[in-house]
Amino acid sequence: MANPPSKPPRGIKTPKETSGLLMSMIRALSATESNEHREIEKTALEREYKRCDQKLEELISMEHQNLARVMHLFTSVSSEINLSRERVQAAKQKLLACKTLLRCKRDELRKFYVESIEQHHMLTQLTQIEQIKEVPFQLNMLESKNQYLQCTKLLMETLQISNNDLKNIDALNELRVELKQKKQALYNRLLDELMNHIYVISPKSAKSFRRTGSDGYNSSFGQSTRRSYKYIPQIATHKDILNDNNETDINELDTEKFVPIAVECLAILFKLNDTIEKLKSTMQTQLVEIVEKTTKQISTTNQSKNAGEQLVTLVNGVILQFYSVVDAHQLFLCSLDKVVDQQLLANVNKYDLKYVWENIESIVQMFLSNYLDVNSHSDLVIKSTPIFSNIDLNVFFSKKKIQRPKQCLFKFSNAFESSSDLLERPFTSITQTQTMICTSSSDNIIYIYEPLTMFIQQIEQSMNMSTCTLSLWLNEYIRTVFLDRQHSKVATTVESITKQADAWHAITTPEQMQELIISRPLLSSTVSIWNNISQIKKLVITMPEYASHFLMIMVSISRSYKETCDSLFMSNIKSCDNTTKLVSYLWIQKHDLVDYLKQSHNWVRREYENKSKKSSLDELKRYTQEADKLFENLEGNDFKVTSVSDINQLRCLAHLLESMEWFGKKLNEISNPESKHYLVPKLNSSKADNNNLPLSLVETLHQLGKDFLDISDNILLYLYLEVRAQSIYYLLPSFESAIGNTTEPKVLDLNQSVSALHEAMLNAISNSKSQYIFEGLGEVMAKSLVNHTRNIEMIDEIAIRKIIRDITMLKYNIAAMLGASQVTLEKTVHYYELLLCTPKEILEEILEKGATFSEAEYLNLLQIVHRSNKNVEETTSLQNDLKRLSDILSQTKRTFLI
């Protein structure tokens, strides 16, 4: 059956949709002068009326049943109204009759009426007395069931009755005193439960505060993932709960239902201002209790974690519980606002969430001060609201011996200590169980910086302010304490590393080499320096807001270490006194020679794609030219070489070479934005931007990397020159030395020295560098040996044959080291063999095989032979042989040109 039609609301009129159309039609007909046009309009109007009549008939036919039912109902209602009118008229007539009758006995009736009122009042008082006697029992029963609202209402109603209607009954005095005591006891219990819900039950319901991988460095440290909890105020939820305070469903641990009921009860008790004052005065102590209990829990349940992880867990746990405390205070304030609005209460001294956050900020600040060793830095100014009036938190957070009480956080007995007792006892009594989970250090900020900054962001968002007090304090601490200490600590560490007795000799172990993925050992001091820089690099990722400060520390460390390595290199290549000089040191001071060698095709630093494949003859020619260049830079200098670089010294330089190259490449990697090891791989993250990473400092760091590579190049070049200088030292007796017999080259000594150097270099530097150092060494040896013959006055066949054997052994040794035949040394052997030939044999060999040596070398050879050969015929003079040599060489050149 269809629903009956409903009457439109009163005051709403159905608009007359056709009135405007009708008036416009009348105006149109009035303005028309033509009858024909009027007839047209009339016809149209009639047509519209017919259509309306038709539509009305259709609607009536469709709603016929409803119309019939409405008419029937209207008839019934009209009949009932008529009957009611008749009954009202009859009652009115009866009342008039009664009024007439009552006028006759008015005084008598008044007397009876007064007596009945008195009797009723007496009966009411007796009933109230009987009910009041049962109130204490009822209050105990309601209180045991946690029905605080009913209990409060019953108590206040009873007190009002006893103080007003029954105030003259002395027999109720004892009951009044008992009810007043009940009122105070109920207030104390409500206050205790309210404190318990805000500071114990609410934090207890906070989700677990252990975060996997929350070690401050995010396990890999290279990824600054600012993952953390997010505080979401529960205002909407609180408002929904306030609209449904069903006390029958209240649970002992249900804060969201208990707090609104408690506020309403306190308002009925007229204790709102007292409660607010108690909450404000005990807020600091209760927050400190949360910190203390959480510390004990962490110290007993997370003993397997290191100190940094425990501190992160502690900070996260405290912050999460503080969020719950803020939610509970917010619920309390929402409930308070509702009660004030409903009951129109005035002069309520309310506080706001800003006051709660300020207390939390100060507690966190004082709590962290001891862990961050703030007390040892007297210059740090703590800018905070002076909310601590009667409590010395420095005493509370004083260091004490770590205790391990076996109790579990959030398992509290029902006999919770009343907050009023907690407030009255001395604050120092709490300090008896104070624990610290780690030692105080400024480095602890590294672990807790991420959760702390997230917490600060939530505070600023909740308080609707740009910078909160805790943020100012943290920034002040980092700038004035942490950064200074970090720089001092790193500087002291670097200084201690570089000043150790074995700083430039101790090398990495095989295990360290495997960990660093390197094939040659590095100086342990270099690896230690890099580890310090890596730690600073992690701080750039962890604390990107202070990236420029950390970059300056990295630049300072690198620059200081570069200067130290420069000094070490120079002290190693200089002689121990000012009267003697090493040939290699004098060579490396000649910039034109250094540039020439670095432009050479075989320079190890040149790009491989720029090295075209050279033939053996081209390489031999190039090595010969390099040897000539070295000897050119010996002429015109007064060299007095009394010693050569010790092999241990050269090995130390080789390790320094590899270390400088490795260190320089590491610096280039972290300062190259295209590298995967760049300082901040995710520079466009929410917490890092381009302003936090100054490009000038990055470029300086990159340039320092190049400087270390330059040091490596200089060491490599020095080793290259030193090996050749040793060859000259052993093979050219014209240098004043301590070899002994200055007329004979010490080829065997050189052979042993080169072998030892080659073995040392193979173990210390890469194969390519070792190959570069020893390639072309044979040409230098050959030139030294040939030049040595100029000092021979008389040929000693036995000595010459010994030198030939020694050179042959040297040749095989060099060939084995380099894996290539030594053509130049083979020619040198032949040159010494020619010393045992006659001038005629020498000249005939030139005619048969061509010139193998230069004209100056042949001249020197003939002169030595002539001086030593006493069997030369008198007719064969030196001048004739020299003239013939010149003719033969000229002929050989012409033949070669043809």
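Scroll up to find the structure this text is about.
Presented here is an overview of the structure given in this document. What you are looking at is a predicted structure, and each value in this text was computed from that prediction instead of being measured.

## Examining the packing of helix α15 (residues 469-498) against helix α17 (residues 524-542)
Here is step 1: Contact pair α15 / α17: the axes reach a minimum separation of 9 Å and the direction vectors enclose 170°. Taken as axis vectors, α15 and α17 run roughly antiparallel relative to one another. The two elements α15 and α17 meet at a crossing, and its hand is left-handed. Side by side, α15 and α17 meet where F482, Q486, V490, T493, V494 and I497 of the first sit next to S525, S528, I529, N532, I536 and L539 of the second.
Here is step 2: Here the contact of α15 with α17 is composed, by residue class, of seven nonpolar, five polar and no charged.

## Structural notes on the pattern of salt bridges
Here is step 1: In the structure shown here, the tally under the stated rule is 15 salt bridges.
Here is step 2: One salt bridge connects E495 with K499, and the closest N-O pair in it is separated by 2.9 Å.
Here is step 3: We classify K499 as exposed; its relative accessible area is 63%.
Here is step 4: K562 is the salt-bridge partner of D566, the closest N and O atoms lying 3.8 Å from each other. With D566 and K562 both in helix α18 (residues 547-573), this residue pair falls four residues apart, about one helical turn.
Here is step 5: The class for K562 is buried, based on a relative accessible area of 16%.
Here is step 6: Beyond isolated ion pairs, a larger network of salt bridges with shared partners links E658, E661, K665 and K769.

## Focus on the nonpolar core
Here is step 1: The biggest cluster of nonpolar side chains holds 211 residues, and the ones touching the most others in it are F332, I445, I478, F482 and F550.
Here is step 2: For this core, the leading source of residues is helix α23 (residues 695-731), giving 19 residues.
Here is step 3: Other than its neighbours up to four places away in sequence, F550 contacts F482, L483, I536, L539, V540 and M543.

## Some details on helix α20 (residues 591-598)
Here is step 1: Listed as buried for α20 are L593, V594 and L597. Down the axis of α20, the sector holding all buried residues measures 100°, keeping them to one side.

The rules behind the values
- Residues numbered from 1 in each chain as written.
- Predicted model: local features only at pLDDT ≥ 70, side-chain atom pairs only at ≥ 80, totals over all residues.
- Heavy atoms only, no water.
- Axes fitted to C-alpha atoms, helices over the stretch in contact; angles between N-to-C directions.
- Helix = DSSP H or I, 4+ residues; strand = E, 2+ residues; numbered from the N terminus.
- Parallel < 35°, antiparallel > 145°, perpendicular 65-115°, else oblique.
- Left-handed = near helix turned anticlockwise from the far one by under 90°.
- Contact = heavy atoms within 4.5 Å.
- Nonpolar A, V, L, I, M, F, W, Y, C, P; charged D, E, K, R; others polar.
- Salt bridge = Lys/Arg side-chain N within 4 Å of Asp/Glu carboxyl O.
- Buried < 20%, exposed > 50% of the residue type's maximum accessible area, 1.4 Å probe, protein only.
- Core = buried A, V, L, I, M, F, W, Y, C linked by side-chain atoms within 4.5 Å.
- Arc of directions from axis to C-beta.

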